[in-house]
Amino acid sequence: HEWCRYHLGAIRVLTEIVIVIEVSPGVFLKVMLDRFIEHTDVIYVHDIKSTSNSNSGEFDKALTEYDYLIQYAFYKYVVEKYFGKPCIFIFVFCSKEEPYNISFIKIPVHQQDTGQTLLACALSRYVNAQSTGIWYPEQVQEREAVIPKYAMEKYLTYINDTQLC
């Protein structure tokens, strides 16, 4: 099972670690990782999320509702910059009620670029605002991204609990 393989050959396994990087002079990014599993060539990060509904469809809704695609890109960016290794980021959704389902959710490769593009735009604006002191210039038009429903339906790939140890 994949959960067990994460730990085989690991250099170190840590929980609740904080990583801070400087992306531009005076501009820092910080993440707090729930679970960090380092191997010689790759790092696994598990971000644990709880939900009141154990229906796996609710996990999809939560990923969209709380903008976890951007969180995925942000955490992956910081970890890869800090350690200089590829990062495999996995959301671990745990239900708070019986039957206490657990789902391991990876962002599919074809959706990862969207998160990375959104992060690159946000970082560019943040670094510019930090250096100029102008946070909301009038000429900048802010809007919410519009992601088509069909794209959201293909958003996730599940490693369901039947594959657990």
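Note that this is a predicted model, so its numbers are computed, not measured. (Residues numbered from 1 in each chain as written. Predicted model: local features only at pLDDT ≥ 70, side-chain atom pairs only at ≥ 80, totals over all residues. Heavy atoms only, no water.)

Novice: Lay out the side chain of Lys-76 with the relevant residues and their values.
Specialist: Mapped onto the elements, Lys-76 comes out in helix 3 (residues 68-83). On the basis of relative accessible area, Lys-76 is assigned to the buried category, the value being 11%. Non-local contacts of Lys-76, meaning those with residues more than four positions away in its chain, are made with Cys-87 and Gln-116. (Helix = DSSP H or I, 4+ residues; strand = E, 2+ residues; numbered from the N terminus. Buried < 20%, exposed > 50% of the residue type's maximum accessible area, 1.4 Å probe, protein only. Contact = heavy atoms within 4.5 Å.)

Novice: Tell me about helix 4 (residues 109-132), residues and numbers included.
Specialist: The terminal C-alpha atoms of helix 4, which comprises 24 residues, lie 35 Å apart, in line with the 34 Å expected from a rise of 1.5 Å per residue. Turning to helix 4, its buried residues number three or more, namely Gln-111, Gln-112, Gly-115, Leu-119, Leu-123 and Ala-129. Downstream of helix 4 by one or two residues, Gly-133 has phi in the positive range, about 80 degrees. (Expected span 1.5 Å × (residues − 1).)

Novice: Lay out the environment of Phe-36 with the relevant residues and their values.
Specialist: Its location among the elements puts Phe-36 in strand 2 (residues 27-38). The class of Phe-36 is buried, set by a relative accessible area of 0%. As for Phe-36 and Asp-47, which are separated by 11 residues in sequence, their C-alpha atoms are 9.1 Å apart. Those residues within four positions of Phe-36 in sequence are excluded, and the remaining contacts are Arg-12, Val-13, Leu-14, Ile-17, Ile-43, Tyr-44 and Phe-83.

Novice: An account of the packing of aromatic side chains is requested, with residue identities and associated values reported.
Specialist: Tallied over the full model, the rule gives 10 aromatic pairs. Between the aromatic rings of Phe-74 and Tyr-75, the centroid separation amounts to 6.3 Å while the plane-to-plane angle is 55 degrees, which identifies the pairing as tilted. Of the residues examined, Tyr-75 reaches a relative accessible area of 13% and is grouped as buried. Between the aromatic rings of Phe-91 and Phe-93, the centroid separation amounts to 6.3 Å while the plane-to-plane angle is 45 degrees, which identifies the pairing as tilted. The class of Phe-91 is buried, set by a relative accessible area of 0%. Under the relative-accessibility criterion, Phe-93 is labelled buried at 1%. Cluster of aromatic residues (ring-pair linked, three or more members): Tyr-66, Tyr-68, Tyr-72, Phe-74, Tyr-75, Phe-89, Phe-91 and Phe-93. (Phe/Tyr/Trp six-rings, centres within 6.5 Å; stacked < 30°, edge-to-face > 60°.)

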